[in-house]
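Working through the structure, step by step
Chain by chain, the residues:
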Amino acid sequence: MGEKDISAVLFFLLSISIIFPLQLPIGGLGSNYASINSVDVVLFFLFLYYAFTFNSEKIRKFKITMPKITAVLLIISGWIILTSVIVSIRTNISILASSLWILKWFEGIGLFLMAQNYLTPKSGKLVFRSIFLSGIFLSALSLPYYYIFEPFRLSFFFGNPNVLSTFLNLVIIMGVVTLIEETNYSSITCLTAIALAGTALILTGSRTGILGLVTSISILTIVYGKNNARRMLITYIFAGTLFSTVLILFSVPKFYFDRLTGWITFESGKLSLTDSGFADPIRTRIRLIDKAIELFNQYPVFGHGWYSSPSRIGYLDIHYTTLLAEMGVIGFLLFIILYIIVLKKWSEIDKYSLIGTIGFVWFATLLIQSIGGNFPRIPQISFIYFLLLAAGAANMEER
């Protein structure tokens, strides 16, 4: 088996392990989330493989297909280290829990570097198919799992219903774009992906998930707006999705319908929050914005340190105000620059591969969903978009 074949197998296993992470919790490290999981194991073997095949010629030929994104990520990494050192000097509170998340950040950077170096057009397509088919499989498994083991809000393999909804949105986008652009894929496969992932998304009970679904379909409608046939197909898919959503809502417990609709009311010509408990998460997020701004004002330059939320400063939940509180104004601007460059890269990939369209729509949707969550910095989500980015860039090399 050649070098390319071995690396392709490792990235195939990595794709699956990200979506279906098997975890071994580790106690005594100051964090409830400390664990060794299947992603760590596969990445270890990938780094080990690189180390064993390392030589002077290989280091000279190390590929960086996305130098701008890589450079900004390394600058952000330096800022994370600097602010963490400053925080450790400034406070008597242990930063061990935050340090574990910093290690996870660097694990993601290592994954991104290895993916740029190793992924070829062929293995990049394998990564795409692995994520897509794993998403369909997860969606199919999640339905009986929900009715048997989790009759509240579905969070299957992602630990949080809102985080799961962001991945399910990716599966739906993959299904829609592949159905439109890829003749080699079965239409049945794509429609199955849309139906299963859409149903699972409803069972998460995630309002940010619904926001993401509407946003992604709206962006796709704009993207394909110049093509009447494709625009009509998007319209049919959108109408079918809405119709299916209504049917699903009437077939699930009343809690889901109330959760998605019972938090807002229209009275006297004005929209307002209801007095019910379903509006409490919205009120909480409004309070968290105020709290994050207050924390930012305490240390506006260096912030409170990467992943100081929730271990030292409590839950903040809104991504952008969390960045301000944790990373200060400089770190916040660095992340905004990163997101702009990533979106620009997706649009470049779009000229060569459908992965570009999928990545652009999903990442833009992810940023919009982040008004209600911290999704881009969650390792499971960031690892997926790092892999897809590298897979798309590898496809550009083919042309």
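Everything below is about the structure printed above this text.
Residues numbered from 1 in each chain as written. Predicted model: local features only at pLDDT ≥ 70, side-chain atom pairs only at ≥ 80, totals over all residues. Heavy atoms only, no water.

Right, let's get into the overall build of the chain. For the chain, the helix and strand inventory stands at 15 helices and four strands. Sorting the 399 residues of the chain into buried and exposed places 53% on the buried side. Taking as baseline every contact in the chain between residues at least 6 positions apart, the subset at least 24 positions apart corresponds to 74%. Of the accessible surface of the chain, which amounts to about 18300 Å², a share of 68% is contributed by carbon and sulfur atoms. (Helix = DSSP H or I, 4+ residues; strand = E, 2+ residues; numbered from the N terminus. Buried < 20%, exposed > 50% of the residue type's maximum accessible area, 1.4 Å probe, protein only. Contact = heavy atoms within 4.5 Å. Areas by Shrake-Rupley, 256 points an atom, 1.4 Å probe, with all protein chains shown as cover.)

Glancing now at a nonpolar patch on the surface. Nonpolar side chains collect at one region of the surface, where Leu24, Ile36, Val41, Phe44, Phe45, Leu48 and Phe52 lie side by side and expose about 710 Å² of accessible area between them. Considering every element that reaches the nonpolar patch, the biggest residue donor is helix H2 (residues 38-52), with five residues. Following the sequence through the fold, Val41 ends up in helix H2. (Patch = residues over 30% accessible without salt bridge, like charges linked within 9 Å, V, L, I, M, F, W, Y side chains within 5 Å. Salt bridge = Lys/Arg side-chain N within 4 Å of Asp/Glu carboxyl O.)

Any space left empty among the atoms is revealed by the rolling of a water-sized probe across them. Following the criterion strictly, the structure yields two cavities of 30 Å³ or more and no others. Considered as a void within the structure, the largest cavity measures approximately 110 Å³ in volume. In terms of lining, the largest cavity is formed by 13 residues, of which the most central are Lys104, Trp105, Arg377, Pro379 and Ser382. The biggest single contributor to the lining of the largest cavity is helix H15 (residues 379-398), with five residues. Per-class residue counts for the lining of the largest cavity are nine nonpolar, two polar and two charged. (1 Å grid on protein atoms, 1.4 Å probe; cavity = no way out; pocket = protein on both sides within 12 Å on 5 of 7 lines; lining within 4 Å. Points joined across faces, edges and corners; volume = space filled by probe spheres on them. Nonpolar A, V, L, I, M, F, W, Y, C, P; charged D, E, K, R; others polar.)

As a further point, take the packing of aromatic side chains. Scanning the entire structure with this criterion turns up 20 aromatic pairs. Geometrically, the ring pair formed by Phe20 and Phe157 is edge-to-face, given 5.2 Å between the ring centres and 85 degrees between the ring planes. Pair noted here: Phe20 is in the loop between helix H1 (3-19) and strand E1 (23-25) and Phe157 is in the loop between helix H6 (121-149) and helix H7 (161-181), with a separation of 137 residues, a long-range link. On the basis of relative accessible area, Phe157 is assigned to the partly exposed category, the value being 31%. Among the aromatic side chains, those forming a connected cluster through ring pairs are Trp101, Trp105, Phe112, Trp306, Tyr307, Phe335, Tyr339, Phe363, Tyr385 and Phe386. (Phe/Tyr/Trp six-rings, centres within 6.5 Å; stacked < 30°, edge-to-face > 60°.)

Glancing now at the packing of H7 against helix H9 (residues 207-223). Viewed as axis vectors pointing N to C, H7 and H9 meet at an angle of 25 degrees, and their least axial separation amounts to 9 Å. Between H7 and H9, the angle is such that the two are roughly parallel. Of the two elements, H7 crosses H9, and the hand of that crossing is right-handed. Here Asn162, Ser165, Asn169, Ile172, Ile173, Val176 and Val177 of H7 lie close against H9, whose contacting residues are Thr208, Gly209, Gly212, Leu213, Ser216 and Leu220. The residue makeup of the contact of H7 with H9, split by class, is six nonpolar, seven polar and no charged. (Axes fitted to C-alpha atoms, helices over the stretch in contact; angles between N-to-C directions. Parallel < 35°, antiparallel > 145°, perpendicular 65-115°, else oblique. Left-handed = near helix turned anticlockwise from the far one by under 90°.)

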